[in-house]
Amino acid sequence: QMQLMESGGGSVQAGGSLRLSCAASGLPYSSAWMAYFRQAPGKEREGVACIYTGSSATFYVDSVKGRFTISQDNAKNAVNLQMNSLKPEDTAMYYCAATRAARCLDPRSIDYWGKGTLVTVSS
């Protein structure tokens, strides 16, 4: 049974930081792209960052480069998204996701989705 358990959402003022965590269980393949997506009301779901667990290769959407860092914690079987210098525009529901496809920031490539965690950034 594949599960992606998300945590770390919350409310923060602009310029602050949050760390999201996604613990994976029952993943049916040894290596995968683990990703975070976000979706604000009325907007498309957007790929934010992803990491390949077999090589630690990463990709980021331009709007978060230099502010967000995705990493993996093999001991915890989890991935983390460290979000610094948060902006009100970062406010969204954030979703953990997993895929074997290389197009890790394309929501159409995703095989598994977490339930989502809300991030709110106030000005």
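Data block above holds the structure.
Following the criterion strictly, the structure yields two disulfides and no others. Across the disulfide from cysteine 22 sits cysteine 96; the S-S distance is 2.0 Å. Between cysteine 22 and cysteine 96 the sulfur-sulfur dihedral comes to about -80°; the bridge is accordingly left-handed. With a gap of 74 residues between them, cysteine 22 in strand β3 (residues 18-25) and cysteine 96 in strand β9 (residues 92-99) connect regions that are remote in the sequence. Residue classification places cysteine 22 among the buried positions, given a relative accessible area of 1%. Sequence-ordered numbering of the bonded cysteines in the protein chain gives a disulfide pattern of 1-3, 2-4.

Attention now moves to the nonpolar core. Leu4, Met34, Tyr36, Phe68, Leu81, Met83 and Tyr94 are the most contacted members of the largest nonpolar core, which has 28 residues in total. When residues of this core are traced back to their parent elements, those giving at least two are β3, β4 (33-39), β5 (46-52), β7 (68-73), β8 (78-83), β9 and β11 (117-122). Beyond its immediate chain neighbours, meaning those up to four positions away, phenylalanine 68 contacts Arg38, Val48, Tyr60, Leu81, Gln82, Met83, Asn84, Leu86, Asp90 and Tyr94. Within the second largest apolar cluster, seven residues are counted, among which are Ala35, Phe37, Cys50 and Cys104.

We now examine the side chain of threonine 99. Among the secondary structure elements, threonine 99 is positioned in strand β9. Engagement of the side chain of threonine 99 in a polar contact is seen with the backbone nitrogen of alanine 101, the distance being 3.0 Å. Side-chain polar atoms of threonine 99 contact the backbone oxygen of serine 109, separated by 2.6 Å. When near neighbours in sequence (up to four residues on either side) are disregarded, threonine 99 contacts Tyr29, Ala32, Trp33, Cys104, Ser109, Ile110 and Asp111.

Conventions and cut-offs
- Residues numbered from 1 in each chain as written.
- Predicted model: local features only at pLDDT ≥ 70, side-chain atom pairs only at ≥ 80, totals over all residues.
- Heavy atoms only, no water.
- Disulfide = S-S within 2.5 Å.
- Helix = DSSP H or I, 4+ residues; strand = E, 2+ residues; numbered from the N terminus.
- Buried < 20%, exposed > 50% of the residue type's maximum accessible area, 1.4 Å probe, protein only.
- Core = buried A, V, L, I, M, F, W, Y, C linked by side-chain atoms within 4.5 Å.
- Contact = heavy atoms within 4.5 Å.
- Polar contact = N/O pair within 3.5 Å; in protein donor to acceptor, adjacent residues only side chain to side chain.

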